[in-house]
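What the coordinates show
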Amino acid sequence: MSSLPTDPATVPSTPPATPDTDAPHRRGIRSYVLRRSHFSAAQRDAWERLMPVFGLPYREQALDYPQAFGRQAPVVLEIGFGMGDTTAEIAANAPDIDFIAIDVHTPGVGALLKLIEQKELSNLRVIEHDAQEVLRQMIAPGSLAGIHVFFPDPWPKARHHKRRLIQTPFVHELVAALQPGGYLHLATDWQDYADQMEEVLAEIPALVAEPVRPFETASLPCPRPSTRFERRGERLGHGITDLIRYKQA
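Just so it is clear, the structure is predicted and the values come from calculations on it, not from any experiment.

This part covers the confidence of the model for the chain. One rule of thumb: low pLDDT means the predicted coordinates there are not for detailed reading. With 84% of its residues at a pLDDT of 70 or more, the chain shows a mean pLDDT of 87. In this model residues 1-14 is a low-confidence stretch, pLDDT under 50, and it forms 26 contacts with partners more than four residues away in sequence or in other chains. For the stretch residues 16-27, pLDDT sits under 50, and the model shows 20 contacts to residues farther than four places along the chain or on other chains.

Encoded structure:
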């Protein structure tokens, strides 16, 4: 299993405190709430030991992917990975792809780091920070082979729809981060959110439903295994919608 040389000063020795979610935020409305959840001893241990190895600290400069992974390979970004089960499975099934996974929930970050160690995944890095800021500051335009956004918070109440992540301005930013021919894969188990996603995607001429060129590797687009949120949605009788679009070359 490979490791990264990381400046220990950039990685805190203890998990960050949960911020006041009602405090002003410089990018405006948040699409998430930092919920207080149990941080197990195993998750804490993985977080403390492995964040300096597989974590990428937030910085206001574009990532150097070959430096981060120690090789040249297509890079796929995942926004919001929950407890990381699906993320780790995708990375394990696509060793020729490098993955950057972003989330703000420390217990989930610890859980994914534990999976990275258990599965000996050298092609997966984790960023614990706001995904929109990471996208704007750390991801170079036209640099990604794919982007995954699986089961983002649906904010089901109408008055909260403004908090939904998949809005036209943000999807324009996602598209700008994709290389020509790269793909955007969205998934949700809320039908009205799926309808909104489809409307947003239809507003962006650069996105088309069919691949515009063959990928260099058969691992792309990465198949999506069943997720914990998907199984919960199915138990509640929710249908699952997957939407894949490609950036025109």
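Attention shifts here to the pairing of strand 7 (residues 241-247). As a general feature of sheets, a regular strand has side chains that alternate between the two faces. Burial analysis of strand 7 places five of its seven residues in the buried class, the great majority of the element. When strand 5 (residues 178-188) meets strand 7, the two strands line up antiparallel, connected through six bridges. Each residue of the ladder has a partner; that of His185, found in strand 7, is Ile244.

Glancing now at the sheet that holds strand 5. Pairing is mixed across the open sheet formed by seven strands, whose spatial order is 3-2-1-4-5-7-6. Across the chains shown, the open sheet's two edge strands, defined by having one partner strand only, are strand 3 (124-128) and strand 6 (207-208). The pairing of strand 2 (residues 98-103) with strand 3 spans five bridges and is parallel. Of the residues in strand 3, the one forming a bridge with Phe99 is Leu124. Sitting on the sheet, helix 6 (residues 168-177) touches strand 1 (75-79), strand 4 (144-150), strand 5, strand 6 and strand 7, and the angle it makes with strand 5 is about 140°.

Our next topic: the packing of helix 5 (residues 131-138) against helix 6. Two numbers describe how helix 5 lies on helix 6: the axes approach to 11 Å, and their chain directions differ by 40°. Taken together, helix 5 and helix 6 sit at an angle that is classed as oblique. The crossing of helix 5 and helix 6 is left-handed. The residues of helix 6 that touch helix 5, namely those facing Gln132, Leu135 and Arg136, are Phe170, Glu173, Leu174 and Ala177. For the contact of helix 5 with helix 6, a count of residues per class yields four nonpolar, one polar and two charged.

Residues annotated in UniProt with the feature "binding site: S-adenosyl-L-methionine" (unreviewed entry) correspond here to Glu78, Asp103, Asp130 and Asp153. Taken along the chain, the residues just named run across 76 residues; in space they keep tight, none of their C-alpha pairs more than 14.4 Å apart. You can see Asp103 is positioned in strand 2. Residue Asp103 is classed as buried on the basis of its relative accessible area of 8%. Apart from residues no more than four positions distant in its own chain, Asp103 is found in contact with Gly80, Phe81, Gly82, Val109, Ile127, Glu128 and His129.

The subject of this paragraph is the pattern of salt bridges. Summed over all chains, the structure comprises six salt bridges. Note that Arg136 and Glu173 form a salt bridge whose closest N and O atoms lie 2.7 Å from each other. One end of the pair, Arg136, is in helix 5; the other, Glu173, is in helix 6, with 37 residues separating them in the sequence. Owing to a relative accessible area of 26%, Glu173 belongs among the partly exposed residues under this scheme. Two residues, Asp192 and Arg164, come together in a salt bridge whose shortest N-O distance is 3.0 Å. Taken together, the residues Asp192 in helix 7 (residues 191-202) and Arg164 in the loop between strand 4 and helix 6 connect sequence positions 28 residues apart. The partly exposed category is assigned to Asp192, whose relative accessible area is 33%. Under the relative-accessibility criterion, Arg164 is labelled buried at 2%. Connected via shared salt-bridge partners are Asp45, Arg49 and Glu117.

The rules behind these values
- Residues numbered from 1 in each chain as written.
- Predicted model: local features only at pLDDT ≥ 70, side-chain atom pairs only at ≥ 80, totals over all residues.
- Heavy atoms only, no water.
- pLDDT = per-residue confidence, 0-100.
- Contact = heavy atoms within 4.5 Å.
- Buried < 20%, exposed > 50% of the residue type's maximum accessible area, 1.4 Å probe, protein only.
- Helix = DSSP H or I, 4+ residues; strand = E, 2+ residues; numbered from the N terminus.
- Pairing = 2+ DSSP bridges.
- Axes fitted to C-alpha atoms, helices over the stretch in contact; angles between N-to-C directions.
- Parallel < 35°, antiparallel > 145°, perpendicular 65-115°, else oblique.
- Left-handed = near helix turned anticlockwise from the far one by under 90°.
- Nonpolar A, V, L, I, M, F, W, Y, C, P; charged D, E, K, R; others polar.
- UniProt positions renumbered as here; feature names shortened; annotations may be inferred.
- Salt bridge = Lys/Arg side-chain N within 4 Å of Asp/Glu carboxyl O.

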